[in-house]
Amino acid sequence: MLDKTYNPTDVENKLYEKWEKSGAFAAHPESKENPYVIMMPPPNVTGSLHMGHALTFTLQDILVRYNRMTGKDTLWQPGTDHAGIATQMVVERQLGAQNVTRHDLGREKFVEKVWEWKEESGGTITNQLRRLGTSPDWPRERFTMDEGLSSAVRKVFVTLHKQGLIYRDKRLVNWDPKLLTAISDLEVVQKEVKGHYWHFKYPIEGREGEFITVATTRPETMLGDTAVAVHPDDERYQDLIGKYCILPIVGRRIRIVADEYADPEKGSGAVKITPAHDFNDFEVGKRHDLEKINILDDHACINDTAPEEYRGLDRFKVRDLIIARMDEFGLLEKIEDTVHMVPYGDRSNVVIEPYLTDQWFVNAEVLAKPASEAVEDGRIRFVPKNWENTYFEWMRNIQPWCISRQLWWGHRIPAWFGPDGTFFVEETEEEAIAAAKAHYGKDVELNQETDVLDTWFSSALWPFSTLGWPEQTAELGKYYPGDVLVTGFDIIFFWVARMIMMGMHFMDGQVPFRDVYIHALVRDENGQKMSKSKGNVIDPLDLISEYGCDALRMTLTALAAQGRDIKLAASRVEGYRNFATKIWNAARFCEMNECNVIDGFDPKSVKTTLNRWIVGKVAEAAKTVSGSIENYRFNDAAAGAYQFVWGTFCDWYLELAKPVFMGDDADAKAETRATAAWVFDQILLILHPVMPFITEELWAQTSEKHTGLLMAQAWPALADDLIDTGVEAEMDLALRLIGNIRGVRSEMNVPPSAEVPIYLVDATDAMKAAIAAQEAQVKRLARVAVIEFIGADRVESVAKGAIQTVVDGVPVFVSVADFIDIAAEKARLEKEIDKIGKYIKAQEGKLSNERFVSRAPEEIVAAEKAKLADARDTLTKLQEGFDRIAAM
RNA sequence: GGGCGUAUAGCUCAGUUGGUUAGAGCGCUGCCUUCACACGGCAGAGGUCACAAGUUCGAAUCUUGUUACGCCCA
């Protein structure tokens with residue numbers, strides 16, 4: 001006997017272990033089945049499971065479990081990425097607690113420490129994924145720093161370099177002065193900050209007492225100014241173009257240039273130019289061949305190019321000193337308040353400096369072209385489609401990708417420098433030595449580049465590096481390209497675009513996946529993004545502990561409608577926990593009524609209307625769910641399954657089956673038991689992708705005939721011929737009749753204990769047959785004593801003490817003599833008459849419109865006419881009932 | 001400034017090519033401790049589908065504009 005409620009915590013761990021041990025998650029490269037492949041977006045190795053993970057991995061698991069059940073050879077490739085900056089920070093923080101810096105240890109020892117940390121703590125997220133019930137092929141788990149993946153990285157780097165698509169250049173990059181590394185544009189967050197415009201007067205050379213005024217939000221950069229720019233058409237400055245001014249404090253003679261970058265509308269119309277510390281100024285500098293003076297060191301302190309008094313001081317300290325000194329010189333014209341954008345590092349949260357350094361770049365423009373085309377011509381499909389625009393937008397304006405990072409944790413760039421700075425890019429040191437020897441004609445000392453690669457460089461290779469590339473493995477042949485990439489929109493630039501670029505470049509133009517399903521962001525119930533600082537983070541593991549994993553999964557699935565963010569409230573999870581209990585109790589009911597699974601049960605062969613009906617409904621439900629999953633309409637899949645299980649199977653089928661179980665028609669009883677057991681099995685199958693634990697547990701507990709795991713069973717293949725429209729009509733009629741009687745009883749406050757007789761007037765033969773077939777069920781569910789079919793001649797005799805309702809045009813008298821409340825009944829009928837009257841009016845209007853009749857399709861017109869006739873019929877009957885009551 | 005998106009019941013949201021008397025869950029009201037389930041059952045209230053104009057026989061659905069809000073990029 002099953003327990004009274006489902007207890008998720010008891011079963012989840014046990015079942016997960018069983019699944020994992022069984023090997024049911026594994027892909028089978030040797031099999032002949034068609035593959036279904038999802039590359040799991042590798043979570044950050046330092047990460048722990050948050051709601052976004054819970055959503056994305058639930059959806060992926062649904063796709064994977066569903067496709068596995070349909071018989072495909074399914075590979076869900078798991079793994080983590082090494083998260084260069086984040087991981088290095090974690091380990092540095094640990095060392096910091098013991099007052100040790102990474103420099104104390106040295107590079108080699110430090111990297112060893114990171115590996116130690118990874119071995120101990122790196123499994124957190126993958127263990128949490130197990131709690132979510134995910135079913136990836138764990139033995140294939142990969143890490144971006146694995147030897148295999150690292151050799152793929154080296155190969156890609158060297159190849160791209162030899163193709164001229166990776167190059168070394170001195171350019172402005174976003175420099176993080178806290179983490180002491182370059183970061184990519186995407187890792188910079190622009191924040192709106194209240195600041196000031198300081199207006200400085202620069203004296204004009206050779207014109208005593210004349211000045212040109214420039215405004216700046218970053219006064220300290222004036223130490224690196226090498227020009228002042230004005231707009232070429234700006235009449236105020238025509239005579240100054242080509243002249244020089246003297247940079248105060250520094251004393252440098254700098255040119256006044258004409259450049260369209262200067263905006264005459266802004267400030268004074270003149271702008272100071274600091275090519276080494278501003279991206280726009282850098283471009284201006286290139287146009288006018290200006291000197292680039294770098295005034296900062298790695299820590300964003302002022303370096304030795306500046307006057308002595310500022311050297312070694314922090315940039316913001318120097319800002320204050322410069323302002324004070326300018327004021328002292330009488331060169332500070334005014335200070336304006338302003339709001340402007342300031343770049344911050346998304347990891348370090350310090351102000352990022354544009355900084356002139358030697359870095360490695362990928363020429364992304366070349367790689368972006370085929371990657372764009374693949375989406376344009378439909379080889380890759382974004383779902384929902386509108387995300388294509390986001391993708392194109394970025395691809396069209398793509399910038400060189402700075403891939404070098406001044407970190408110790410990551411893939412060290414395979415470039416070796418000779419004594420004169422010439423470098424040799426090779427996959428191994430031996431090859432580099434050989435290349436150097438060929439170049440210099442002798443052995444020289446080589447030093448490997450100290451920089452490592454951006455983490456995204458290695459994750460861009462994920463769709464093929466995990467399959468063994470550059471080796472031509474069986475896996476690579478079978479599982480590339482994958483079927484779908486499932487991820488959030490925030491990662492389209494970081495990762496999706498780069499995987500497409502790298503995949504196509506290294507896999508003979510073959511795309512890495514066919515679909516990109518972009519899901520929503522999970523927000524809190526007020527629509528706020530969850531963040532630690534706001535304190536509105538909901539931990540998925542807490543929800544799992546409280547409500548069970550299946551409840552959480554079902555909630556996320558039901559809310560995962562395309563194109564809309566998910567606002568998550570715990571009350572929703574509670575609701576789906578209740579759903580799990582409902583399923584559990586339905587199983588219990590089946591068990592108590594000896595609904596045993598029958599070998600070789602054929603749903604097509606069932607005889608009773610009730611059983612034929614539910615069999616058809618199962619076929620419909622299975623189709624709804626599979627169709628929805630295949631179209632990434634997860635909310636429809638969840639709603640369809642929920643509606644069927646609760647609204648159809650529990651609310652109707654099981655209730656209607658009760659009189660059969662308690663009756664004495666042995667054949668009907670046996671058939672209904674067998675059918676109920678079969679339907680319940682189908683429910684377990686249909687729900688399994690979304691709610692794997694409870695379904696697997698019930699599979700184990702409900703029948704000894706259930707051998708093997710539910711997760712390894714085949715998805716229901718139910719033909720449409722199980723749907724019998726005649727039976728459906730018959731059942732619908734019975735359900736409508738029950739509904740109407742219940743409505744009457746409820747409005748008249750007839751107590752449930754009172755069983756009442758009902759009379760149907762002039763019912764058609766078909767109707768009589770249908771209701772006779774469902775007699776016991778109608779009696780039970782509507783608490784009816786007897787059902788009698790009468791002719792119109794007997795209406796007067798039954799009408800007294802009865803309430804009338806109309807079902808399909810047939811008057812139904814419900815004898816509620818003792819409970820009748822004439823006023824209430826009049827009100828009830830009036831309301832119904834009013835409602836249907838309004839409808840009739842609207843229909844008449846529609847049908848008397850000649851243009852509707854002549855232009856609308858014939859079948860629509862016919863349908864509308866039929867609806868009007870039905871409504872008129874019902875109105876007449878209700879009116880008769882009302883008149884009768886009024887006469888009492 | 002450019003782009004994308006959203007406005008439907010008290011709340012959170014469905015509503016796929018225009019043809020419904022606009023749905024669900026939660027919440028709310030009334031009744032019911034009926035032999036699976038009170039994490040339950042039955043019944044019910046609640047919406048001029050943001051606003052305005054247009055296309056159409058017909059608009060929550062298509063077009064344009066207005067308003068409000070959100071996100072991304074500059």
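Residues numbered from 1 in each chain as written. Chains lettered and ligands numbered in written order. Predicted model: local features only at pLDDT ≥ 70, side-chain atom pairs only at ≥ 80, totals over all residues. Heavy atoms only, no water.

### Things to note about the environment of Leu-847
We count it as follows: Only DSSP runs of H or I reaching four residues or more are called helices, and only runs of E reaching two or more are called strands; each is numbered from the N terminus. Buried, partly exposed and exposed residues are distinguished by accessible area as a fraction of the type maximum, computed with a 1.4 Å probe on protein chains only: under 20%, between the cut-offs, and over 50%, respectively. In what follows, a contact means two residues having at least one pair of non-hydrogen atoms within 4.5 Å.
Within the secondary structure, Leu-847 sits in helix α28 (residues 822-848). Using a relative accessible area of 16% as the deciding quantity, one classes Leu-847 as buried. Leu-847 sits 21 residues away from Leu-868 along the chain, and the two C-alpha atoms are 9.1 Å apart. When neighbours within four sequence positions are excluded, Leu-847 is seen to be in contact with Phe-852, Val-853, Val-861, Glu-864, Lys-865 and Leu-868.

### Points about the side chain of Thr-87
The test is simple: In the analysis that follows, any N or O atom pair within 3.5 Å is treated as a polar contact, provided that within protein one partner can donate a hydrogen and the other can accept it, and provided that, for residues neighboring in sequence, both atoms belong to side chains.
Positionally, Thr-87 belongs in helix α3 (residues 84-97). A distance of 2.6 Å separates a polar side-chain atom of Thr-87 from the backbone oxygen of His-82. The residues contacting Thr-87, other than those within four sequence positions of it, are Val-45, Thr-46, His-82, Val-114, Trp-117 and Trp-409.

### Details of empty space enclosed by the protein
The condition is simple: Put simply, the grid is 1 Å and covers the protein atoms alone, a cavity is a trapped set of points that fit a 1.4 Å probe, a pocket is an open set with protein on both sides within 12 Å along at least five of seven lines, and lining residues have an atom within 4 Å of a point. Grid points are joined across faces, edges and corners, and a volume is the space filled by probe spheres set on the points. Charged means Asp, Glu, Lys or Arg here, nonpolar means Ala, Val, Leu, Ile, Met, Phe, Trp, Tyr, Cys or Pro, and polar covers whatever is left, Gly included.
Under the defined criterion, the tally for this structure stands at 3 cavities of 30 Å³ or more. Here the largest cavity defines a volume of roughly 60 Å³. Around the largest cavity, the lining is made up of 11 residues, and of these Ala-802, Gln-804, Gly-881, Arg-884 and Ile-885 lie nearest the centre. The residue inventory of the lining of the largest cavity, partitioned by class, reads 7 nonpolar, 2 polar and 2 charged. In this model, the second largest cavity occupies a volume close to 50 Å³.

### Concerning the nonpolar core
The condition that has to hold: In this description, a nonpolar core means a group of buried Ala, Val, Leu, Ile, Met, Phe, Trp, Tyr and Cys residues linked to one another through side-chain atoms lying within 4.5 Å.
Ranked by internal contacts, the top residues of the largest apolar core, which has 140 residues, are Leu-63, Trp-613, Phe-644, Phe-649, Phe-680, Met-691 and Leu-698. Tallying contributions element by element places helix α21 (residues 634-662) first for this core, with 15 residues. What Phe-680 contacts, discounting residues up to four positions off in sequence, is Ile-583, Ala-586, Ala-587, Phe-649, Leu-698 and Thr-702. The next biggest cluster of nonpolar side chains, apart from the first, holds 64 residues, and it includes Trp-394, Met-501, Met-504 and Val-511.

### Re the domain arrangement of chain A
It is common to report an interface's size as the accessible area lost on association of the parts. Selection criterion: Note that the domain bounds were set by an automatic or database domain assignment. Buried area, as used here, totals the accessible surface that two parts lose on assembly, with accessibility defined by a 1.4 Å probe and the loss added over both. Counted as salt bridges are all cases of a side-chain nitrogen of Lys or Arg within 4 Å of a carboxyl oxygen of Asp or Glu.
By domain assignment, chain A separates into domain 1 (34-153 + 459-519), domain 2 (181-354), domain 3 (543-723) and domain 4 (739-887). On a C-alpha basis, the centroid separation for the pair domain 1 and domain 3 is 34 Å. With 21 residues of domain 1 at the interface, the matching set in domain 3 holds 28 residues. Here domain 1 and domain 3 share an interface that buries about 2,200 Å² over both sides, 72% of which is from carbon and sulfur atoms. Residue Asp-61 pairs with Arg-553 through a salt bridge whose shortest N-O separation is 2.8 Å. At the junction of domain 1 and domain 3, the tally comes to 7 residue pairs in polar contact (both at pLDDT 80 or more). If you list the elements that add at least two residues to the side of domain 1 that touches domain 3, you get α2 (51-69), α6 (124-131) and β23 (513-519). Counting residues per element, the side of domain 1 that touches domain 3 draws most heavily on α2, at 12 residues.

### Considering the packing of aromatic side chains
Inclusion rule: Here is the rule: rings of Phe, Tyr and Trp (six-membered ring for Trp) pair when centre to centre is within 6.5 Å. Planes less than 30 degrees apart are stacked, more than 60 are edge-to-face, and the remainder are tilted. A ring is considered to have a charge above it if a Lys NZ or an Arg CZ atom is located within 6 Å of its centre and within 35 degrees of its normal.
Tallied over the entire structure, the rule returns 35 aromatic pairs. An angle of 85 degrees between the planes, with centres 5.1 Å apart, marks the rings of Phe-464 and Trp-469 as edge-to-face. The class for Phe-464 is buried, based on a relative accessible area of 0%. On the accessibility criterion, Trp-469 (7% relative accessible area) is buried. A connected cluster of aromatic rings, assembled from ring pairs, spans Phe-157, Trp-360, Trp-401, Phe-417, Phe-423 and Phe-457. The ring of Trp-19 has Arg-65 sitting right over it, with the charged end atom 4.3 Å from the ring centre. Geometry around Trp-408 places Arg-102 over its ring, the cationic atom sitting 4.7 Å from the centre.

### Observations regarding the sheet that holds strand β19 (residues 423-425)
The following threshold applies: At least two bridges found by DSSP between two strands are what make those strands a pair. Whenever a helix is involved, its axis is fitted only over the stretch in contact; in every case the axis is a line through C-alpha atoms, and angles between N-to-C directions fall within 0 to 180 degrees.
On the basis of which strands lie adjacent, the open sheet formed by 3 strands has the order β19-β18-β20 and antiparallel pairing. Each edge of the open sheet is held by one strand with a lone partner, namely β19 and β20 (447-448). Bridge count between strand β18 (residues 415-417) and β19: 3 bridges; the pairing is antiparallel. What sits directly across from Trp-416, in β19, is Phe-424. Here helix α12 (residues 429-440) sits on the sheet in contact with β18 and β19, set at roughly 135 degrees to β19.

### Quick word on the sheet that holds strand β26 (residues 756-761)
If you trace the 4 strands from one edge of the open sheet to the other, you get β27-β26-β29-β28, paired in mixed fashion. Either end of the sheet is taken by a strand with one partner, and the two such strands are β27 (784-790) and β28 (802-807). Looking at each pair of strands side by side, their axes are set apart by 20 degrees on average, direction ignored. Looking at chain direction, β26 and strand β29 (residues 810-815) are connected through 3 bridges and run antiparallel. In the strand pairing of β29, Tyr-759 is matched with Phe-813. The strands touched by helix α25 (residues 765-773) are β26, β27, β28 and β29; relative to β27, the strand with the most contacts, the crossing angle is about 160 degrees.

### Here's the deal with the pattern of salt bridges
Counted according to the given criterion, the structure contains 46 salt bridges. Ionic pairing is found between Lys-658 and Glu-655, a salt bridge with its closest N-O pair at 3.0 Å. Residue Lys-658 and its partner Glu-655 are both found in helix α21; the two are separated by 3 residues, about one turn of the helix. According to the relative accessible area criterion, Glu-655 is partly exposed, its value standing at 24%. Note that Asp-834 and Lys-838 form a salt bridge whose closest N and O atoms lie 3.7 Å from each other. With a gap of 4 residues between them, Asp-834 and Lys-838 both fall in helix α28, about one helical turn apart. On the accessibility criterion, Lys-838 (58% relative accessible area) is exposed.

### Observations regarding α28
Threshold: Multiply 1.5 Å by the residue count of a helix minus one, and that product is the helix's expected span.
For α28, built from 27 residues, the straight-helix expectation of 39 Å at 1.5 Å per residue is met to within 8% by its first-to-last C-alpha distance of 38 Å. Among all positions of α28, only Glu-825, Arg-828, Leu-829, Ile-833, Ile-836, Ile-840, Gln-843 and Leu-847 are buried. If you follow the buried residues of α28, they end up packed against α24 (725-747), β28, α29 (850-855) and α30 (858-887).

### Examining unusual backbone geometry
Here Val-383 and Pro-384 are connected by a cis peptide whose omega angle stands at -5 degrees. Mapped onto the elements, Pro-384 comes out in the loop between β15 (381-383) and α11 (387-396). Backbone torsion omega between Tyr-480 and Pro-481 reads 0 degrees, so that peptide bond is classified as cis. As for its position among the elements, Pro-481 is in the loop between α15 (474-479) and β22 (482-488). Even without a glycine there, the phi angle at Asp-289 is positive, about 55 degrees. Residue placement: Asp-289 occurs in the loop between α8 (279-288) and α9 (315-328). Unlike most non-glycine residues, Asn-749 shows phi in positive territory, near 55 degrees. Within the secondary structure, Asn-749 is located in the loop between α24 and β26. When its relative accessible area of 62% is taken as the criterion, Asn-749 is described as exposed.

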